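Read off the chains here:
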Amino acid sequence: MYDAIIVGGGPAGSSAALYAKQYGLKTIVLEKAVFPRDKICGDALSGKCIRIMRELDLLKEIENLDGADINRITFGSPSYKQFDLELKKSNKKGYVIPRLIFDNYLFQKVKSVSDTQENFIVKDLIYKNGKINGIVGKNKDGYDERIEAPVVIGADGANSIVARKSGLYEMDMENTSIAIRCYYSGVKGLSDQIELHYIKEVNPGYFWLFPIGGGKANIGIGLSKNYAKKDNRTLQQILSQVIKSGPFKKRFENATQLEKPTGWNLPCGSIHRKNHGDGFMLIGDSAGIIDPFTGEGIGNAMVSGKYAMKVLSESKTKNNFTKESFSEYDQLLWDEIGKELKTSTRLQRIAKSSFLLNFVINRAARNEEVQNIIAGMLAHEIPKEELSNPLFYFKILFS
């Protein structure tokens, strides 16, 4: 009945279902929550998100969703120096849209092109002749249900049941970050910028401050899980310390906390994880492809959904749903994001050094050439080969 079962209705799963329609594939999307539902996240939509929305002919509608338009990225150093990157210099623009709104919008679009079930808990995988051939789960009425298809797409996040049941799940502390988010109102200085502050209170990590519209802000911290375990402070204590320190104290003096801070795991693309096998592919956070330097994952998740459906379409034509056939998915995905993730991993290592961070950000604050280099990296205008060359980073440091 179906060409694929997509487990998870977030940006990865929804993008996959929308691309599946373009390829003439029939899918069903199974989501454990009921939309609209919140997802703990920074809420920022990167350039890759914008490109995917344009390809899906959804960008004009996205621009009308409640949120904030972003024209600048502010980087802050441990010594509280900062500089702005103007996105308009490269004809780019970003958005911050709460996931409660963005994910619900995408899922409603999916309902017009795919079968869906919400409040559906996937419990296990079905195997046939040694390969995955469907799922077993509990539907919204509380009854066990079997759904079969030649391919299962795991789009169910960092704790993916598809990844666990297929034997690919492994909590890798070295390449996993942990983050905490909290919404505030009344924060001073909110404009058209997202802010990433690599400050000493969160080293090695960062404090983010993003406007979400309506005078509200999404704030949080991201930190390596290894380092977080070694710190005797909780993430909530670190966040509280940050907003009471340096320039942030003034900005938060009349702010109101709107929710209890909530944390989640970020499986980072600082390593190349296995993402496919006989009868299945993993996409989004299930595949562990979050940017290790910025923590951004939505864009990579949507790109992975696109390539998974492209490869599924070709595999259907050949009636070949094996690990070997799906290796093309892995190749396409990492050909696009691999060099970028390697670059971010290098930058993450630089970020462990307060001295280097101060040096680079202070230099960028005074040197337009360094600003242009960093802007080119973010806009993907610098050749991938150059990003892989150690001399490129020497150029950043000493331009």
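Structure: see above.
Residues numbered from 1 in each chain as written. Predicted model: local features only at pLDDT ≥ 70, side-chain atom pairs only at ≥ 80, totals over all residues. Heavy atoms only, no water.

Caption draft 1: Representation of the overall build of the protein chain in the model. Scanning the protein chain for helices and strands turns up 14 helices and 20 strands. In terms of overall dimensions, the protein chain is globule-like: its C-alpha atoms have a radius of gyration of 21 Å, near the 21 Å expected for 399 residues. The dimensions of the protein chain, computed from C-alpha atoms along their principal axes, are 60 × 45 × 45 Å. Looking at the 399 residues of the protein chain, the share that counts as buried comes to 57%. Long-range pairs, those at least 24 residues apart, make up 71% of the contacts in the protein chain with a sequence separation of at least 6. Of the roughly 17,300 Å² of accessible surface on the protein chain, 49% is carried by carbon and sulfur atoms. Of the charged side chains in the protein chain, 55 are positive and 46 negative; the average position of the first set lies 4 Å away from that of the second. (Helix = DSSP H or I, 4+ residues; strand = E, 2+ residues; numbered from the N terminus. Rg over C-alpha atoms; globule rule 2.2 N^0.38 Å. Buried < 20%, exposed > 50% of the residue type's maximum accessible area, 1.4 Å probe, protein only. Contact = heavy atoms within 4.5 Å. Areas by Shrake-Rupley, 256 points an atom, 1.4 Å probe, with all protein chains shown as cover. Lys, Arg positive; Asp, Glu negative; His and termini not counted. Charge placed at Lys NZ, Arg CZ, Asp CG, Glu CD.)

Caption draft 2: Representation of the packing of aromatic side chains. Scanning the entire structure with this criterion turns up ten aromatic pairs. Ring geometry for Tyr-206 versus Trp-208: centroids 6.1 Å apart, planes at 45°, classification tilted. The residues Tyr-206 and Trp-208 share a single accessibility class, namely buried. For the pair Trp-208 and Phe-210, a centre-to-centre distance of 6.3 Å together with 35° between the ring planes defines the contact as tilted. Each member of the pair, Trp-208 as well as Phe-210, carries the same accessibility label: buried. One aromatic cluster in this structure is built from Tyr-198, Tyr-206, Trp-208, Phe-210, Trp-264 and Phe-293. Looking at Arg-181, its charged tip hangs above the ring of Tyr-183, at a distance of 4.0 Å from the centre. (Phe/Tyr/Trp six-rings, centres within 6.5 Å; stacked < 30°, edge-to-face > 60°. Lys NZ or Arg CZ within 6 Å of the ring centre and 35° of its normal.)

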